[in-house]
Amino acid sequence: SGESGAGKTESTKLLLQHIMNLCKSNSQLEQQILQVNPLLEAFGNAQTVMNDNSSRFGKYIQLRFQKNTVRGAKLSEYLLEKSRVVQQDTGERNFHIFYYMFAGLSSEEKEIYGLLDPSLYRYISGRFATEDVAQLWKHKYQEVCNALDMVGFQEQEQVDMQAILAGVLSLGNVTFEPQENHGSVKVSEASQGWLKAAAVDVLSQLVCCLPYSSWSPSVSHCHSLSSCADARDSIAKVAYGRVFGWIVSKINELLAENVDPEVELREIGILDIFGFENFAVNRFEQLCINLANEQLQHFFNHHIFQLEQAAYREEELPWETIKFSNNEPILDLLLAKPFGLLSLLDEQSAFPQGTDKTFVDKLSSSFKGNLHFQPGRGRVLGFSIIHYAGNVQYTAGGFLEKNRDTLPANVRGLFINSVTPLLSVLFTGKSLYCDGASHINQGPPWQEQSHSLMVLMERMYSANPHFVRCIKPNSQKEPGVVDNQVVLQQLRYNGLLETIRIRRDGFSWRPSFEEFAER
């Protein structure tokens, strides 16, 4: 764990290399486990203002051993930040794979996929890149292709996948205009070419002409320009999310253990999840990320302080209780039912008249006097949460829309019957591995997020955990520079100063009575 940019993913890669080195068998499986990283990073990582290679999803890697040899591995992915596909803030980029494709594909291949100059695409933000960076991306694209081959993706699957990614970018340029005399909306004349490039002609009917429901049956959208734009973006997000889930499922097929089911395997699990974030503008995604970090911090507190000190009391040892910063009240504020923040978001999302403003008003009245909540100040609609790692100001714009995650119901059928075989597979879900992956319209995204986290935390609590705390040396992404204040702040809010005390004053060696007697 650690802040965004503290080095969690790099530490995970080093830890994996170290474990493989200790096994010393140098098997093909061990090499494959190490080689899936470029693939995961290309599709799941992106540049943010805090980190040039930020994980925008959480991953849990389970390594299964028999007699000190790795016999199999399994990857679970959590909470992919799909909204990044359709929107990036200043100084941020979309997922790496889009840039790698522009840099790595030949002119002929770009023509096949209908890719034009990257500056033309609404989903690709900012200046493209310098020549040096473009060369690096070209090299990264080759790494991704090699990894796809190694994992066992067929050539046609790779072509289909890149066609879907190119289609997602073209879809982002589709705009809408009112239809005369009908009161409904149609795809604008200017963007007909983009619709054709997205290879989804039928979407013009689906996106515009049909009323559709979000996860709540009580919410039905009329044919407005904004609801069509939301539907377009939802299709792009879901398509990308399905591609990512499919890649993970293919990796798991490759790495699955091939042993007798009767054989008992030991397991080491490594969790690498996105770090705590506090940007200039914090949205629904940052709230979900910070909630995940709150839960991990609570798990750390429970294990290091509560269980440890309970054991000392049970043994009736002379012990002066060490106080620690308990973040349970913050988790209650966010997760309590029926009056926690996310339950109130759910409630407002179900009201046809619900808006981001009615949601914020509800929060302000519900949490008046709560020490961990502050109503928004100034013109921007929002609120602040005082997290374990500090005060984060959230911009409330888009909270309800993202929570509803509107997708036209008929779109699923369209994808299932698609002429692109891969799209059909992605949406029938028959071969998809969905441990923690999102499903269409089965509930608001935060419920999926919450369920994923619950499953993850159950795994954590049933294991014997070791904590690797990553500390970020400075906020400027500079190598070799240690900012004492930045480091000290992290040591404080992580509870590491109290951890040092309990480790210093506590009992580090704990033999069983049997071990002690033998000794």
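Note that the coordinates shown come from a computational prediction; the quantities given were computed from them, not determined experimentally.

Q: Requested: an account of the sheet that holds strand β9 (residues 266-272), with residues and values cited.
A: Taken in spatial order, the 3 strands of this open sheet run β4-β3-β9, and their pairing is antiparallel. A single partner strand is all that each edge strand has here, and the edge strands are β4 (69-78) and β9. Across the sheet, the axes of successive neighbouring strands diverge by a mean angle of 15 degrees, strand direction being ignored. In this sheet, β9 lies alongside strand β3 (residues 58-66) in antiparallel orientation, the contact comprising 7 bridges. By the bridge assignment for β9, I61 is matched with I270.

Q: I'd like a rundown of the sheet that holds strand β12 (residues 390-395), residues and numbers included.
A: Read from one edge to the other, the open sheet built from 3 strands follows the order β10-β11-β12, with strand pairing classed as antiparallel. Single-partner strands in this sheet number two, and they are β10 (373-375) and β12. Each neighbouring strand pair of the sheet contributes to a mean axis angle of 20 degrees, computed without reference to strand direction. Of the pairings in the sheet, the one linking strand β11 (residues 382-387) to β12 comprises 6 bridges and is antiparallel in character. Within β12, the residue paired with F383 across the bridge is Y394. Sheet strands touched by helix α11 (residues 284-314): β11 and β12. Its angle to β12, the strand with the most contacts, is close to 150 degrees.

Q: So what about the side chain of Q309? Which residues, and what values?
A: Tracing the sequence through the fold places Q309 in helix α11. Take Q309: its relative accessible area is 4%, and that puts it in the buried class. For Q309, the side chain forms a polar contact with the main-chain nitrogen of I322, separated by 2.8 Å. The contact partners of Q309, leaving out residues within four places of it in the chain, are W319, E320, T321, I322 and I502.

Q: Go over the UniProt feature "binding site: ATP" (unreviewed entry) in the chain, please, and point to the residues and values.
A: With numbering aligned to this structure, UniProt lists the feature "binding site: ATP" (unreviewed entry) at G2, E3, S4, G5, A6, G7, K8 and T9. Cross-referencing the annotated residues with the lining of the largest pocket gives G2, E3 and K8. Note that K8 resides in helix α1 (residues 8-23). Here K8 is in contact with S1, G2, E3, D272, I273, F274, G275 and C470, once residues within four sequence places are set aside.

Q: Got a sec to walk through the pattern of salt bridges? Specific residues and values, please.
A: Should the charged atoms of two oppositely charged side chains come close, the side chains can pair. For the coordinates displayed, the defined rule picks out 23 salt bridges. E41 serves as the salt-bridge partner of K13, at 2.8 Å between the closest nitrogen and oxygen. Taken together, the residues span a long stretch of sequence, with K13 in helix α1 and E41 in helix α3 (residues 37-44) at a distance of 28 residues. Accessibility expressed as a relative area gives 11% for E41, which makes it buried.

Q: Break down α11 for me, with residues and values.
A: Each α-helix turn comprises 3.6 residues. Residues three or four places apart therefore point the same way. The end-to-end C-alpha distance of α11, which contains 31 residues, comes to 43 Å, matching closely the 45 Å that a straight helix rising 1.5 Å per residue would cover. Along its length, α11 reaches its greatest deviation from straightness, about 35 degrees, at H302. Burial of α11 is extensive: 23 of the 31 residues sit out of reach of the surface.

Calculation notes
- Residues numbered from 1 in each chain as written.
- Predicted model: local features only at pLDDT ≥ 70, side-chain atom pairs only at ≥ 80, totals over all residues.
- Heavy atoms only, no water.
- Pairing = 2+ DSSP bridges.
- Helix = DSSP H or I, 4+ residues; strand = E, 2+ residues; numbered from the N terminus.
- Axes fitted to C-alpha atoms, helices over the stretch in contact; angles between N-to-C directions.
- Contact = heavy atoms within 4.5 Å.
- Buried < 20%, exposed > 50% of the residue type's maximum accessible area, 1.4 Å probe, protein only.
- Polar contact = N/O pair within 3.5 Å; in protein donor to acceptor, adjacent residues only side chain to side chain.
- UniProt positions renumbered as here; feature names shortened; annotations may be inferred.
- 1 Å grid on protein atoms, 1.4 Å probe; cavity = no way out; pocket = protein on both sides within 12 Å on 5 of 7 lines; lining within 4 Å.
- Salt bridge = Lys/Arg side-chain N within 4 Å of Asp/Glu carboxyl O.
- Expected span 1.5 Å × (residues − 1).
- Bend = angle between axes of the 7 residues up to and from the residue.

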